[in-house]
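As a plain string of letters, each chain reads:
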Amino acid sequence: MGLDNALHEIRRLDDLSAQDTPLHRLDARAKVLVTLFFLVAMLSLGRYEVSRLLPFAAFPLLLAAQGGVPLGLLLRRAALALPFVVFVGIFNPLLDRTVHLTLGPLAVTGGMLSFSSIVLRSLLAVATGLVLVAVTGFDQICRALGRLGMPTTLLVQLQFLYRYLFVLADEALRMLHARVQRCAKSRRPSLREYRTLLGSLLLRTLDRAGRVHQAMLCRGFDGQMPDLRPTTAFGPAEWRFCALWGLFLIAVRILNIPQHLGDLPLYLAAQAGGLMPGVLP
């Protein structure tokens, strides 16, 4: 089933976080801080600046390569966000028809540019989040957020949401498998059956939540998630990581690198023609 495969690949991201690479050994706070800076730098660009988003793709791709994250897995998981992103920006080309440039017979409007920008930003943000989970682990990300000042209540809710999401998905899969065994003639549930399954899943979820809460109280839960892993220090490797990626992100945010690369052939042609440096024909 599609849900089963999706759940397996999400769990695979957590399995990848157990690898032993220099990137995995870095303090989680360094990776979280750089990721937040990446998101701020990327999202602060104008809505029509599509080409300037392309250099930002180097961040998740290089981290994935350094952390041993398969590119196919990353692209498949990031593509899951496409339907939601398309739904958000699908009407932009209809609402903003101002022509910004022409490519032969094609007139590129502001709506087309803003729609492309929304899609590209969303894919980059999702891909970066997936890479962060794969090279850090969700529990360590939450722990880093707590050490950076996130409120404990919000942090615990985030940890519970991620941890019991798999439990809820497993429960839904068992219900779907049981239905298939009992209804061999029709493998795909009807809309009415989906409503029944969702109602039953909600009741089972509430019952399980009550049992989990009682079990946690019996074990002395005091509102904080215990962490048995040793605390890592923010050392020279973390500072180098933050400095190098910080400088790169500042550069791609300030400089229009695609435009400079596009002007490079003209500059070389001007130099070959004996013109003054920096003067383009």
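Here, every reference points to the structure presented above.
Here we come to the packing of aromatic side chains. If you walk through the whole model with that rule in mind, you get seven aromatic pairs. Ring centres of Phe-59 and Trp-245 lie 4.9 Å apart, and the angle between their planes is 85 degrees; on these two criteria the pair is classed as edge-to-face. A residue pair is termed long-range when its members are at least 10 positions apart, and Phe-59 in helix H4 (residues 58-67) and Trp-245 in helix H12 (residues 236-254) qualify at 186 residues. Both residues of the pair, Phe-59 and Trp-245, belong to the buried class. When the ring of Trp-245 is compared with that of Phe-248, the centres are 5.4 Å apart and the planes differ by 85 degrees; the resulting orientation is edge-to-face. Of this pair, Trp-245 and Phe-248 both sit in helix H12, three residues apart, roughly one helical turn. Through pairs of rings, three or more aromatic residues link up here, namely Phe-38, Phe-56, Phe-59, Trp-245 and Phe-248.

Put simply, H4 and H12 touch, their axes get as near as 11 Å, and they point 145 degrees apart. Judged by residue contacts, Ala-58, Phe-59, Leu-62 and Leu-63 of H4 engage Phe-241, Trp-245 and Phe-248 from H12. Among the residues making up the contact of H4 with H12, the classes are represented as seven nonpolar, no polar and no charged.

In this section: the pattern of salt bridges. Under the defined criterion, the tally for this structure stands at eight salt bridges. Asp-20 is the partner of Arg-25 in a salt bridge, and the nearest nitrogen-oxygen pair spans 2.6 Å. Here Arg-25 falls in the partly exposed class, since its relative accessible area comes to 48%. The partner of Arg-147 in a salt bridge is Asp-27, and the shortest N-O contact between them spans 3.8 Å. Pair noted here: Arg-147 is in helix H9 (residues 138-147) and Asp-27 is in the loop between helix H2 (22-25) and helix H3 (28-43), with a separation of 120 residues, a long-range link. Exposure remark for Asp-27: the relative accessible area of 1% places this residue in the buried category. Among the charged side chains, a network of salt bridges with common partners joins Glu-171, Arg-174, Arg-204 and Arg-208.

The residue Arg-121 is located in helix H8 (residues 110-136) in this model. As a buried residue without a salt bridge, Arg-121 has its nearest oppositely charged side chain in Glu-49, at a separation of 5.9 Å. Side chain to side chain, Arg-121 and Ser-117 meet in a polar contact 2.6 Å long. Setting aside chain neighbours within four positions, we find Arg-121 in contact with Met-42, Leu-43, Ser-44, Leu-45, Gly-46, Arg-47 and Leu-53.

Moving on, we get to the nonpolar core. Counting 42 residues, the largest nonpolar core has Leu-13, Val-34, Phe-38, Phe-56, Leu-63 and Phe-241 as its most contacted members. Listed by contribution, the elements that provide at least two residues to this core are helix H1 (2-16), H3, H4, helix H5 (71-79), H8, H9, helix H10 (152-182) and H12. Apart from residues no more than four positions distant in its own chain, Phe-56 is found in contact with Phe-38, Ala-41, Met-42, Leu-45, Leu-124, Leu-249, Val-252 and Arg-253.

With that settled, the discussion passes to the packing of H3 against H12. Between two packed helices, both the angle of their axes relative to each other and the distance between the axes serve to describe the pair. The interhelical angle for the contact between H3 and H12, taken along N-to-C directions, is 5 degrees, at an axis separation of 10 Å. Here H3 is positioned roughly parallel relative to H12, judged by the angle of their axes. Contacts from Ala-30, Lys-31, Val-34, Phe-37, Phe-38 and Ala-41 of H3 reach H12 at Glu-238, Phe-241, Cys-242, Trp-245, Gly-246, Leu-249, Ile-250 and Arg-253. Residues of the contact of H3 with H12, tallied by class, amount to ten nonpolar, one polar and three charged.

The rules behind the values
- Residues numbered from 1 in each chain as written.
- Predicted model: local features only at pLDDT ≥ 70, side-chain atom pairs only at ≥ 80, totals over all residues.
- Heavy atoms only, no water.
- Phe/Tyr/Trp six-rings, centres within 6.5 Å; stacked < 30°, edge-to-face > 60°.
- Helix = DSSP H or I, 4+ residues; strand = E, 2+ residues; numbered from the N terminus.
- Buried < 20%, exposed > 50% of the residue type's maximum accessible area, 1.4 Å probe, protein only.
- Axes fitted to C-alpha atoms, helices over the stretch in contact; angles between N-to-C directions.
- Contact = heavy atoms within 4.5 Å.
- Nonpolar A, V, L, I, M, F, W, Y, C, P; charged D, E, K, R; others polar.
- Salt bridge = Lys/Arg side-chain N within 4 Å of Asp/Glu carboxyl O.
- Lys, Arg positive; Asp, Glu negative; His and termini not counted.
- Polar contact = N/O pair within 3.5 Å; in protein donor to acceptor, adjacent residues only side chain to side chain.
- Core = buried A, V, L, I, M, F, W, Y, C linked by side-chain atoms within 4.5 Å.
- Parallel < 35°, antiparallel > 145°, perpendicular 65-115°, else oblique.

Just distances and angles here, no functional claims.
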